[in-house]
Amino acid sequence: GADDPDLSYTVTGGSVVDGDLFSGSLERVSGEDVDSYSIGEGTLTLGDNYNLTVVPGTLTISQRAVTVTADAQSKTYGADDPDLSYTVTGGSVVDGDLFSGSLERVSGEIVGSYNIDEGTLTLSDNYNLTVVPGTLTISQRAVTVTAANQSKTYGADDPELTWQLTTGRLAGGDTASGTLSRESGEDVGTYSILQGSLDFGDNYMVTFESADLEVSRRVLSIQPIAIGKIYGETDPVLTANILNLASWDDDTVVHDLTLSREQGEAAGNYAIVGAGATADNYIIDMQQGTFTIAKRPLTVTADAQAKTYGAADPERTWQITSGSLVGSDTLSGLLGREPGENVGIYALLQNTLTAGGNYQINFRTADLTITPYFTEDTSGSVRNGIDPENGDDLIYIADAAPGFGFAYWSDGSTLISTQPELWSPQGGIGLYQPVNWPATDLTDKKIVPLAKDTTTTVPFLGGEVRMVLPAHADPVAVIAVTPFRDPVGLDQLPAGMTAVPRSYWFQRSENLAGQRIRVEIDLALAGIDLSDAEKESLALYHWDEETLVWEKLSIASQGVDYDAGILWAELDHFSTFGLFYAAEDIARTGEHTQQMAWPFVLLSAGLAVFLMIRRRLGRTGDGGQVTAG
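What you are looking at is a predicted structure, and each value in this text was computed from that prediction instead of being measured. (Residues numbered from 1 in each chain as written. Predicted model: local features only at pLDDT ≥ 70, side-chain atom pairs only at ≥ 80, totals over all residues. Heavy atoms only, no water.)

Before going further, it helps to spend a moment on the overall build of the chain. Helices and strands together make up the secondary structure of the chain, namely 2 helices and 52 strands. Looking at the chain as a whole, 38% of its 629 residues qualify as buried. Accessible surface, the chain: about 33,600 Å² in total, of which carbon and sulfur atoms supply 48%. (Helix = DSSP H or I, 4+ residues; strand = E, 2+ residues; numbered from the N terminus. Buried < 20%, exposed > 50% of the residue type's maximum accessible area, 1.4 Å probe, protein only. Areas by Shrake-Rupley, 256 points an atom, 1.4 Å probe, with all protein chains shown as cover.)

Examined bridge by bridge, strand S14 (residues 181-182) and strand S15 (residues 189-194) share 2 bridges and lie antiparallel to one another. By the bridge assignment, serine 181 is partnered in S15 with leucine 194. The sheet contact formed by S15 and strand S17 (residues 211-216) spans 5 bridges and is antiparallel. Counted as the bridge partner of isoleucine 193 is alanine 211 from S17. (Pairing = 2+ DSSP bridges.)

Pairing is mixed across the open sheet formed by 4 strands, whose spatial order is S26-S31-S29-S28. Either end of the sheet is taken by a strand with one partner, and the two such strands are strand S26 (305-308) and strand S28 (336-337). One ladder, built from 4 bridges, connects S26 with strand S31 (residues 367-371); its direction is parallel. Looking at S31, one finds that alanine 306 is bridged to threonine 369.

The tally for this structure, following the rule as stated, stands at 8 aromatic pairs. When the centroid spacing of 5.7 Å and the interplanar angle of 90° are considered together, the rings of tyrosine 154 and tryptophan 248 count as edge-to-face. Here tyrosine 154 is found in the loop between strand S12 (150-153) and strand S13 (163-167), whereas its partner tryptophan 248 is found in the loop between strand S20 (240-243) and strand S21 (258-261), with 94 residues between them in sequence. Overall, tyrosine 154 belongs to the buried group, its relative accessible area being 3%. (Phe/Tyr/Trp six-rings, centres within 6.5 Å; stacked < 30°, edge-to-face > 60°.)

A separate point is the nonpolar core. Grouped together as the largest cluster of nonpolar side chains are 31 residues, with contacts concentrated most on Met467, Leu469, Val519 and Leu538. Of all elements in the fold, only strand S39 (456-460), strand S40 (465-469), strand S41 (476-484), strand S43 (503-508), strand S44 (517-522), strand S49 (566-571) and strand S50 (577-581) reach the threshold of two or more residues within this core. Excluding residues that lie within four positions of it along the chain, methionine 467 makes contacts with Thr456, Thr457, Val458, Phe460, Ile479, Val481, Phe506, Ile517, Arg518 and Val519. (Core = buried A, V, L, I, M, F, W, Y, C linked by side-chain atoms within 4.5 Å. Contact = heavy atoms within 4.5 Å.)

The predicted coordinates of low-pLDDT regions are not to be read in fine detail. Residues with a pLDDT of 70 or more make up 79% of the chain, whose mean pLDDT is 82. In this model residues 408-413 is a low-confidence stretch, pLDDT under 50, and it forms 23 contacts with partners more than four residues away in sequence or in other chains. Across residues 427-439 the pLDDT falls below 50, and counting only partners more than four positions away or on other chains, this stretch makes 51 contacts in the model. (pLDDT = per-residue confidence, 0-100.)

Encoded structure:
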């Protein structure tokens, strides 16, 4: 790249005459690349007077020395490399000549210093290129981590401590490791959130911005325990449940709690309230409890009573048989009883008897027994005597008009006989009186030997009626069945129901009182012709003598056996019953067309009961007459 030097020569043989001069010049082989070029005669001459011999020389072109220094470079971790540049710091480059190739650096991307070397940089063979190395410096990547504010209630677990990058970003697939931490402490207050073990590695310069964890007060519920007492007793100690404590706390964190209840000693509910309670780290939720004063149990047992039919009720008295009254408390009011004045047993009722609202009375009933009152009947007379032929036994003889049976009564027991003589009556003749057992020509009356261990089935009216009598300890019973029509309550028929025309009147002796009897009516023999649909609605109703309505509640059970054509009912009391079905018309046998009930009356042998029913019914049988006694 330098200019050619002057091509000079030296006379190495012979000599030049004084005054003669060379003319022209030497010449060299053309070329500029590094090499050796021959220097020849060219145009050099001394004229024709000389035989000029030129010994060739050599022009040598040597490599041009160039020194290149790599420029120092830098970048942030994760950024792309900058261009690797250089500066010619020694020698120069001939115009037109260009560098080719590029510098290279030592590989690596983590924070540190890396040499920049010659790499493929070159200037061709005409140059002696020297590259002075440089340095690429990778510095830490700056990021700012900001913690998120958090809160929790005292006693709860810490929430997850979270953060986000608010300046900078992570390179490539880099991730953080570790977690944030916070100042220690669990009491209510504010705690700084710290970087903790959160780490991004040596390639990052982290600026951490803290936040706060706020621990707020926990709601502590104080629930008075429901408690109470029985009216008249002393109050128990009031206590409360402490609810929603932190796991490491116990009831001792609560201070100065006092419990009290509303004033009052009558039976009822009273609020239990608390006051004064405090607890560090807590908000007190003071709830209400209930203090219950229960009614005081008191068992009052009625005294059994008795009277004769027609007499006024005796005073209904009672005793306290369990529990007690408090202080000056008293019982007030009167006992009542089941309604009715006929011979029978009537339960005594609590009625208005009370000790006030502070007592729960368990009332134990007793019975008022109405016993028959009898006078001699004009249809018969009584005579007593001694029968010498029978060991001088006493004999009780009742004379009566034709068509009457006989009943003998004593000490609340009833003995029935169809014979006018009763031998050796229990208790003596003086305690017995005769009464009439009314009957008509249609009455079917039987003295029935009762089975002791099994039921006894007895047919009446040629099998039209059957009775299944329970097992009984008494040897005999008397049953009478009288058919009749024109029943009571025809103006009070059950809604939507039609009456059946056949009617019966049942009587029974006193030793069957209170016994459940199954009554079966053969519908075909009774002349009751119903369709299947009408049979499905067939039902027995009871005529209530007190309320004067038909009802079914007092009937134990009933039904119709459609295949056998049998109506059956389980009865354990004795009064009027009617049979009804849902229909507009009824097919009948016989000449009766008026809609009417099918009642039957089951009576004790007590005359007073019988006479009341008899007066109400009026007529009996198909043409037979009964006169009220």
